[in-house]
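Residue-level structural notes
Each chain, written out:
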Amino acid sequence: MELYFLIIDVHGLRRPDGAMGKNVVDAALAAFEPRIADLVTQVLAPRPDVGPVKALGRGRWRASFFVEAVQLTGAEDDPVVSLTAALRQLVNEVAIETFGPSTAAVAELTITAVDASASGDVEDRLATAALMAVDTSARAAIQDLLVRGGLRTVLQPIVSLADGRAVGLEALSRGPAGSALERADRLFEAAARGGLTLALELACAYQAVAYLDRVPAPLWLSINASCRTLAQLCSPQGVGRFARPRLVMELTEHLPLGEASELRPVLASLRRGGTLIALDDTGCGYADLEAAASLRPEIVKLCITVTNRIEHNSLVLDDIAETVRRLHRQEHLVLAEGVETAAQADLLRALGVDLAQGWFYGRPFAADQVADWARSISADLTGAASSAA
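What this report covers is the structure whose coordinates are included nearby. (Residues numbered from 1 in each chain as written. Predicted model: local features only at pLDDT ≥ 70, side-chain atom pairs only at ≥ 80, totals over all residues. Heavy atoms only, no water.)

Here the focus is the overall build of the protein chain. When helices and strands are counted, the protein chain shows 18 helices and 13 strands. Within the protein chain, buried positions represent 47% of all 389 residues. Long-range contacts, defined as pairs at least 24 residues apart, comprise 70% of the intrachain contacts of the protein chain with a sequence gap of at least 6. Accessible surface computed for the protein chain: about 17700 Å², of which carbon and sulfur atoms make up 53%. (Helix = DSSP H or I, 4+ residues; strand = E, 2+ residues; numbered from the N terminus. Buried < 20%, exposed > 50% of the residue type's maximum accessible area, 1.4 Å probe, protein only. Contact = heavy atoms within 4.5 Å. Areas by Shrake-Rupley, 256 points an atom, 1.4 Å probe, with all protein chains shown as cover.)

What follows deals with the environment of Arg193. For Arg193, the location among the structural elements is in helix H7 (residues 184-193). Given a relative accessible area of 23%, Arg193 falls into the partly exposed group. Taking the C-alpha atoms as reference, Arg193 lies 9.1 Å from Ser137; in sequence the two are 56 residues apart.

This next bit is on helix H16 (residues 342-350). Turning to H16, its buried residues number three or more, namely Gln344, Ala345 and Leu348. Buried residues of H16, viewed axially, fall in a sector of 100 degrees; they line one side. Structurally, H16 contributes buried residues whose contacts are with helix H14 (304-309) and strand S11 (333-336). Gly352, located one to two residues past H16, shows a positive phi value of around 90 degrees. (Arc of directions from axis to C-beta.)

Moving on, we come to H7. Helical geometry: 3.6 residues make up each α-helical turn, so side chains three or four residues apart lie on a common side. Every buried residue of H7 is listed here: Asp185, Leu187, Ala190 and Ala191. Looking one or two places after H7, you find Gly195, whose phi comes out positive at around 70 degrees.

Once that is clear, we can look at the pairing of strand S2 (residues 54-57). Across 3 bridges, S2 lies against strand S3 (residues 60-67) in antiparallel orientation. Within S3, the residue paired with Gly57 across the bridge is Arg60. Taking the residues that link successive antiparallel strands as the turn, the S2-S3 hairpin has 2 residues, and the phi of Gly59 there is positive, at about 80 degrees. (Pairing = 2+ DSSP bridges.)

Relative orientation of the contacting elements helix H2 (residues 22-44) and helix H3 (residues 79-99) amounts to 155 degrees, with a least axis distance of 10 Å. Judged by the angle between their axes, H2 and H3 are roughly antiparallel. For the element pair H2 and H3, the recorded crossing hand is right-handed. In this structure, H2 uses Ala28, Leu29, Ala31, Phe32, Arg35, Leu39, Val40, Gln42, Val43 and Leu44 to contact H3, whose residues at the interface are Leu83, Leu87, Leu90, Val91, Val94, Ala95, Glu97, Thr98 and Phe99. Of the residues belonging to the contact of H2 with H3, the class tally is 15 nonpolar, 2 polar and 2 charged. (Axes fitted to C-alpha atoms, helices over the stretch in contact; angles between N-to-C directions. Parallel < 35°, antiparallel > 145°, perpendicular 65-115°, else oblique. Left-handed = near helix turned anticlockwise from the far one by under 90°. Nonpolar A, V, L, I, M, F, W, Y, C, P; charged D, E, K, R; others polar.)

At a minimum axis distance of 10 Å, the contact between helix H13 (residues 286-295) and helix H15 (residues 314-329) shows a crossing angle of 15 degrees. Judged by the inter-axis angle, H13 sits roughly parallel to H15. For the element pair H13 and H15, the recorded crossing hand is right-handed. Two secondary-structure elements touch here, H13 through Leu289, Glu290 and Ala292 and H15 through Thr323, Arg326 and Leu327.

Attention now goes to the sheet that holds S2. Reading across from one edge, S2-S3-S1-S4 is the order of the 4 strands in this open sheet, with antiparallel pairing throughout. Since the sheet does not close on itself, it has two edges, and those belong to S2 and strand S4 (109-115), each with one partner. On average, each strand axis in the sheet is tilted by 30 degrees relative to the strand beside it, whichever way the strands run. Bridge analysis of strand S1 (residues 2-10) against S4 gives 7 bridges, and the strand direction is antiparallel. When the sheet's bridge partners are listed, Asp9 is paired in S4 with Thr110. Contacts from H2 reach S1, S2 and S3 within the one sheet, and its direction differs from that of S3 by about 5 degrees. Seen against the sheet, H3 touches S1, S3 and S4 and runs at an angle of roughly 160 degrees to S4.

Now the structure itself:
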C-alpha cells in the first residue's frame, strides 16, 4: 500500500487580504474549513485508513489515504487521479459559495495528491498543479457556443435599501439551459481554460446592451466587463453602444493603481455619453479602497464575501462600517450584493449601505421577460419616476 497526502491549498491569500481585509478573509476561511473536511470525508470514505483533515497553516489543509500500488496507472481510473479530480470540482464549488466567484478566483485554490515517500518538495508539487495549460476541449465548447449561439442574458433587480424599491437591473450571463456550461462560474471557467475570456465577455456585453431600451425608465441596466473588455467596448466602433444614459458599466477586476490610471480616458469617454461606472467585488481592504479613490466610480459594490460574513463576526461588522463611511466620504453609492436574508438587509441598512441585490430581493430572470417583470412592479416604477423628477 502506498501512502498519499491530499493537499488543499489557498495560496493566493495576499490579494484577497489586501482587497477584502484580513478579518473578512479569516471569517471566510473559518467557514470554509469544516466544509472541506466534510467533502474530503465524502470523497475518501471508500479508501482504507483515511486520516483526518489537518490544518497545516492559514489556508492549507492535508488528509492522508492509502492506495494499492497496482492501481497507480496515471490513467483516469487511477484512484489518485480520479479522487483528486472529483474533490477539485466539489471544493471549487464550495469555494465559490463561501468566498464569491471573484475572491475565489484570485485566492488561487489548488488541490493535489502527493506521494508521501516522494523526495520532491510539496511546494514544487503545488506550483506544478497550479499551472493550467489551455484546455482544448473547453476552448472548443466555448467556440461552439459563440458561433452557434446559446448564450443567455438574465436580469437581477437592484433595489434601494431605504424602501426596497427597484432602481436598476444587473445583466448576468448563462450558458445553454441544462448544459454543463449553464452556470456562470462554469461558463467563465471554461472560457479561461480555453483562452477565450475576452471573446466571451465581449459577446455577453453586446448581447446584454441590446436589452437597455426594454428596461423601463428610470431604471438603469448594469453590464459587467473586465478592464480589457471595457477598452475593447470603448473603441471607436463600439463606444456609441456603451456610452448612454441609464447604462452602468461594472468593472469586474481591480488593477494596480498605476494601471488603473491608464483606464481613466476610457471611463471619461463613457461618462461623456451618460454612462455611470461601478466597481465590482470591493472588500474592506486598503487596496480596494484605494482603487475606488483612484477610479472614482459612481457605485461601489461590496463583494458577496463581505455580505456573507456580516451576521457572524463583529470584527467584520466594524470593518464594513468603516468601509461604508470611507466610501461615502468619497461620494460613492454603496451597493451590497448577495443579500439573502432580512437580517443581512437590516444590518446593511443600519450601516448606511445605499443599494442591494440578492435572492432576498429577487432571483435572476430571463431578460426577455423584463416587460412582464416591469408590469409586476409598476407601482414602484411610478414612484421611482416621481422621485427622480
